[in-house]
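# Per-entry structural report
So the chains spell out like this:
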Amino acid sequence: MAESIKVDKILEKLSTTNSADKELVIRAFEFAKKAHEGQVRYSGEPYVNHLAHVARMLAEIGMEAHTVAAGLLHDTIEDTNVTSEELQKEFGDEIFFLVQGVTKLGSVRYYGSDRHNESLRKLFVATSQDIRVLIIKLIDRLHNMQTLQYVPKEKQLRIARETLEIYVPVTHRLGMGRIRKELEDLAFPYVYPDEYTKVFNLTRHIIKKSEEDLEKSRKSLQKKLAESGILNFHTSFRSKGTYSLYQKLKRREWDMDKVYDFLAIRIVVSSIEECYRVLGIVHEHWRPLPKRVKDYIAFPKPNGYQSLHTTVITPHRNILEIQIRTEAMHRDAEYGIASHVMY
Ligand code: MN
């Protein structure tokens, strides 16, 4: 059997260095490890590894110690001999409330009809009086999807479909872009295997082929920004998720030349004013495509997403989307409601 993960893996992601917080997480870890002793995941790993991964990801997206501890304990009521009373006595009302909330959400199922889905989604949101319950549930699902390959074949499709039909819309509604993309791309090959292969074959050469050009473009843009007196910024690449690309290709006759946002460079700056300045610098540097400038800062998307988007043609003849945003907008776009949780 594989070894169990060490609690340090969680502690290193905790945003506080407060010793009471650390102590709480260590106590929850030891408690969960003991409660799930002897249980294994389909992967053959000790069950506690699932809990440790969930807790680590919760810490990574900025959740505080109580939520991280609840992440470690989220399967205790359901899957071990630990009683509600014991858990409440050992960890107090707040953590007990969170674990109980996750346990109650446990039976959300996808049955297939569209109207049913809508009601399930509503229930899903309504049932969690505390948004942290839902965040734990989403991260739990994320780790279950990350390990779906080990689950018996006959269960995989149901879990993947449930993810696409119920969990993904929730992450979208809550603006959790990073988690949404990962859930979609993990579920896609199970739910639509043929379409997945088609998308994969259309794109597998593009990233590899453009890598060098993209790096050159990024360097020259960085230089240009620095010359223009933009001091605090960072840039990164992002390629569109395969599922999101599939959705777009369906609307564009499966023509990659009609997809302008497959590859993007993100520029993160320190103020809104700088966002607009950077947009000007980008347009001065590279030729923008007409009608592709989108000001989601002045006009945010319904889920709160903010950024400036434009599409340009680089000297290497690559069509690139440029996304410009502040640090705060970036955090929001990645983690959505999770970055607004108040303690
Ligand atoms: Mn779980």
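A brief report on the enclosed structure follows.

Rules used throughout
Residues numbered from 1 in each chain as written. Predicted model: local features only at pLDDT ≥ 70, side-chain atom pairs only at ≥ 80, totals over all residues. Heavy atoms only, no water. Helix = DSSP H or I, 4+ residues; strand = E, 2+ residues; numbered from the N terminus. Rg over C-alpha atoms; globule rule 2.2 N^0.38 Å. Buried < 20%, exposed > 50% of the residue type's maximum accessible area, 1.4 Å probe, protein only. Contact = heavy atoms within 4.5 Å. Areas by Shrake-Rupley, 256 points an atom, 1.4 Å probe, with all protein chains shown as cover. Lys, Arg positive; Asp, Glu negative; His and termini not counted. Charge placed at Lys NZ, Arg CZ, Asp CG, Glu CD. Donors = N, O, S within 2.8 Å, 3.2 Å for Na, K, Ca; no water. Pairing = 2+ DSSP bridges. 1 Å grid on protein atoms, 1.4 Å probe; cavity = no way out; pocket = protein on both sides within 12 Å on 5 of 7 lines; lining within 4 Å. Points joined across faces, edges and corners; volume = space filled by probe spheres on them. Nonpolar A, V, L, I, M, F, W, Y, C, P; charged D, E, K, R; others polar. Expected span 1.5 Å × (residues − 1). Bend = angle between axes of the 7 residues up to and from the residue.

Helices and strands together make up the secondary structure of the chain, namely 14 helices and six strands. Over its C-alpha trace the chain gives a radius of gyration of 22 Å, about what one expects of a compact globule, namely 20 Å for 343 residues. In terms of overall dimensions, the chain has a C-alpha envelope of 65 × 45 × 40 Å along the principal axes. Evaluated residue by residue, the chain yields a buried proportion of 48% over its 343 residues. Looking at the chain alone, contacts between residues at least 24 apart form 68% of all its contacts between residues at least 6 apart. For the chain, the accessible area works out to roughly 17,400 Å², and carbon and sulfur atoms hold 50% of it. Here the chain holds 52 positive side-chain charges and 47 negative ones, and the gap between their average locations is 6 Å.

Attention shifts here to the coordination of the manganese ion. At 2.2 to 2.4 Å from the manganese ion lie its protein donor atoms, namely His 50 (NE2), His 74 (NE2), Asp 75 (OD) and Asp 140 (OD). Counting residues between consecutive donors of the manganese ion along the chain gives the motif H-x23-H-D-x64-D. Linking His 50 in helix α3 (residues 47-60) with Asp 75 in the loop between α4 (65-73) and α5 (76-79), this pair joins segments that are 25 residues apart in sequence. Each member of the pair, His 50 as well as Asp 75, is classed as buried.

Moving on, we come to the pairing of strand β5 (residues 308-313). Most of β5 sits out of view: six of its six residues are buried. The two faces of β5 match: Leu 308, Thr 310 and Val 312 on one face and His 309, Thr 311 and Ile 313 on the other face are all buried. Strand direction decides the pairing type here: strand β4 (residues 294-295) and β5, joined by two bridges, are antiparallel. For Asp 295, the partnering residue across the bridge sits in β5 and is Leu 308. Here six bridges tie β5 to strand β6 (residues 319-326), and the two strands are oriented antiparallel to one another. Across the sheet, the residue bridging to Thr 310 is Ile 322, located in β6. Hairpin remark: β5 followed by β6, antiparallel, with five residues in the connecting loop; positive phi at Arg 317, about 70°.

Below, the discussion takes up the layout of surface pockets. Considered as a void within the structure, the largest pocket measures approximately 1,200 Å³ in volume. Forming the boundary of the largest pocket are 45 residues, of which His 172, Arg 180, Lys 240, Ser 244 and Lys 301 lie nearest the centre. Going through the elements one at a time, α9 (153-173), α10 (177-191), α12 (242-251), β6 and α14 (327-335) are the ones with two or more residues in the lining of the largest pocket. At seven residues, α9 tops the list of elements feeding residues into the lining of the largest pocket. Split into classes, the residues belonging to the lining of the largest pocket amount to eleven nonpolar, 13 polar and 21 charged. When its volume is computed, the second largest pocket comes out at roughly 790 Å³. The wall of the second largest pocket is formed by 33 residues, among which Arg 41, Tyr 47, Asp 140, Asn 144 and Ile 159 lie closest to the centre.

Bringing α9 into the picture now. For α9, built from 21 residues, the straight-helix expectation of 30 Å at 1.5 Å per residue is met to within 8% by its first-to-last C-alpha distance of 30 Å. The sharpest bend along α9 measures roughly 35° and falls at Thr 163. Backbone geometry just downstream of α9 places Gly 175 in the positive-phi region, at approximately 70°.

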